[in-house]
Amino acid sequence: MASLSASLRRAPTSTLRSSSTTTLSARETRTYFSSATTGKPRLVILGSGWGGYEVLRAVDKKRWNVIVVSPNNYFNFTPLLASCAVGTLEFRAAIEPVRRYTPQVSAYTAWCDSIDFKHKKLLCTPATAPTKLGESHASTDVNEIVTKVSANSDKFELTYDKLVIAVGAYNQTFNVPGVKEHAYFLKDIRDARRIRSRVLECFEQANQPTITDSDRRKLLNFCVIGGGPTGVEFSAELHDLMHTEMTQHYPALAKMAKINLYDVAPNILGGFDAGLQEYAVSKFKREGIRLLTQHHVERIEKDRMFVTEEGEVNFGMLVWSTGLAPNPLIESITEAKKTNRSLLTTPHLNVVMRAPGGGVGDPDAGVADPDVFAIGDAASVARDPLPATAQVANQQAVYLTRRLNALVGHEAARDAADPPFEFRNAGSLAYIGGWEAVFDRTRAASGPRGKESGRLAWLLWRSAYFTQTLSVRNKILVPVYWFINWIFGRDLSRF
């Protein structure tokens, strides 16, 4: 969570849905078509993450009839989720509402289950609680025409003129048994709420007078799987909590609390400069955070896991942050060329459709779809693989929005004139606790190159994320909450 190159985060694993590959018949679906009254081409955006939300925010609504389909009606500012998970920030300071842009755009809280590229149709399932549907009826929304809806299905269809696929990716579990059932993830604000509640619950449970010290140590053993920016920052934020408010209000229990960071790699913060990796390692060791690199988790059960190098390990809470798995929608697509996790695109971010007899991973065997784009973790530019980070997704969205705003009316000329997308690395940041951070600009595309660590890097870390918050509201809330936390401490109420 946090670096300028932090990974995109999506809905928690508990909300994963299998995607349907069968389009329902007209009698079973509600179908929406491009509006004849507005005369504007329809742009459908799938997803409200770093890519989708930026397109939604910046696309010209006067030129496009914009529809966004996402299971969340908000955008997660993922670099701040670790802070929210321990109470440094309150939850609403790390999200931006999709509804800010309605009714200028239409927004549906739904999953896209499948895409019919030939007929330009999307099959969607509401992400809200099921409703009892009545007889077929016409839509009261002047922007859509409703055909039919069955009494036993709430699925619906949308048509598009242009489509932006920005559905992101899900948590990678590597098929380790028990991860989905017993681990916590940190890709969404709802994950942060669950983690915060569980941390406080562990201390309240350990504080009960009838519990033994042995069980207290098990409850207060916190395990983090994954040594990337997400795992490192959450470990650092949790350490700050333990050595401030928890030490003040649970002095005996705080001495029993342990934080363990596991990774299969030999080093944490693998994408950072080696010197910054060593700085973070020495900082964690001084602070008592156990680093267990080159360790392999075999399976997870309730309140315990089994590690190849250690055997059985009891825990009160386990946070899993080990990479990205493909979105079910991406897995369901057979017409386009793909990598293991994402759709292949041209340098102009158009999806490459599979040609008859084309080989997997061979962009020359396919043809670009001029009406379908893919960005962020759902996309991979052919012959130019980029890191799956928020920074990449945001830059792709800015590039694509510029193209979309210039496309209407003269597409061919614009396609020929537009330069290809070029990622410009702005550097990477990670918080390591105690008002210290690491800042890596050794591979920056422009400006001074170098690296920084310690208090100055922490100031740069806070400044960067303060300036990157999108709304004026959150530009006020974030520093206010930082100041309140500094003066009064974190709130330990659990509700």
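Anything mentioned here points back to the structure above.
Going along each chain's sequence as written, the residues are numbered from 1 onward. It should be noted that, the model being predicted, local features are given only for residues of pLDDT at least 70 and side-chain atom pairs only at 80 or more, the latter also being counted only at that level, while totals for whole chains, interfaces and linings use all residues. With hydrogens and water set aside, each side-chain value is computed from the structure's full complement of heavy atoms.

Visitor: Quick one: what's the story with the overall build of the protein, residue by residue and with numbers?
Guide: Elements are defined by DSSP. Helices are runs of H or I of four residues or more, strands are runs of E of two residues or more, and each kind is numbered from the N terminus. Scanning the protein from terminus to terminus reveals 13 helices and 25 strands. Note on classification: 1.4 Å probe, protein chains only; a residue is buried when its accessible area is under 20% of the maximum for its type, exposed when over 50%, partly exposed between these limits. Every one of the 495 residues in the protein was classed for burial, and the buried ones make up 55%. Working note: accessible area of the protein is about 21,400 Å², and carbon and sulfur atoms make up 53% of it. Method for areas: the Shrake-Rupley scheme with a 1.4 Å probe, in which residue coverage is limited to the protein chains shown.

Visitor: I'd like a rundown of the environment of Ala430, residues and numbers included.
Guide: Secondary-structure assignment places Ala430 in strand β23 (residues 428–433). Taking relative accessible area as the criterion, Ala430 reaches 0% and is therefore assigned buried. Along the chain, Ala430 and Glu233 lie 197 residues apart, while their C-alpha atoms are 6.4 Å from each other.

Visitor: Which residues make up the pattern of salt bridges, and what are the values?
Guide: Think of a salt bridge as a Lys or Arg side-chain nitrogen and an Asp or Glu carboxyl oxygen that are within 4 Å of each other. Under the definition given, this model contains 25 salt bridges. Between Asp113 and Lys155 there is a salt bridge; the shortest N-O distance is 3.1 Å. You can see Asp113 sitting in strand β6 (residues 106–116) and its partner Lys155 sitting in the loop between β7 (121–126) and β8 (156–159), a full 42 residues away along the chain. Of the two residues, Asp113 and Lys155, neither departs from the other in class, the shared state being buried. The partner of Arg198 in a salt bridge is Glu201, with the nearest N and O atoms 2.7 Å apart. Note that Arg198 and Glu201 are positioned in helix α4 (residues 189–206) at a spacing of three residues, about one turn of the helix. According to the relative accessible area criterion, Glu201 is partly exposed, its value standing at 24%.

Visitor: A description of the sheet that holds strand β12 (residues 258–263) should follow, citing residues and the corresponding values.
Guide: Pairing is parallel in the open sheet, where four strands are placed in the order β13-β12-β11-β17. Lying at the two open borders of the sheet, with one neighbouring strand each, are β13 (290–293) and β17 (317–320). Averaged over all adjacent pairs, the angle separating strand axes in this sheet is 15°, with direction ignored. As defined by bridge partners, β12 adjoins β13 across four bridges and the pair is classed as parallel. Opposite Leu261, over in β13, you have Leu291 as the bridge partner. Between two residues, a contact is recorded if the distance between any of their heavy atoms is within 4.5 Å. Comment: axis = line fitted to C-alpha atoms, over the contacting stretch for helices; angle = value between 0 and 180 degrees taken between N-to-C directions. Contacting β11 (221–225), β12 and β17, helix α6 (residues 229–249) crosses the sheet at an angle of about 175° to β12. Pairing between strands is defined by DSSP: at least two bridges between the two strands are required.

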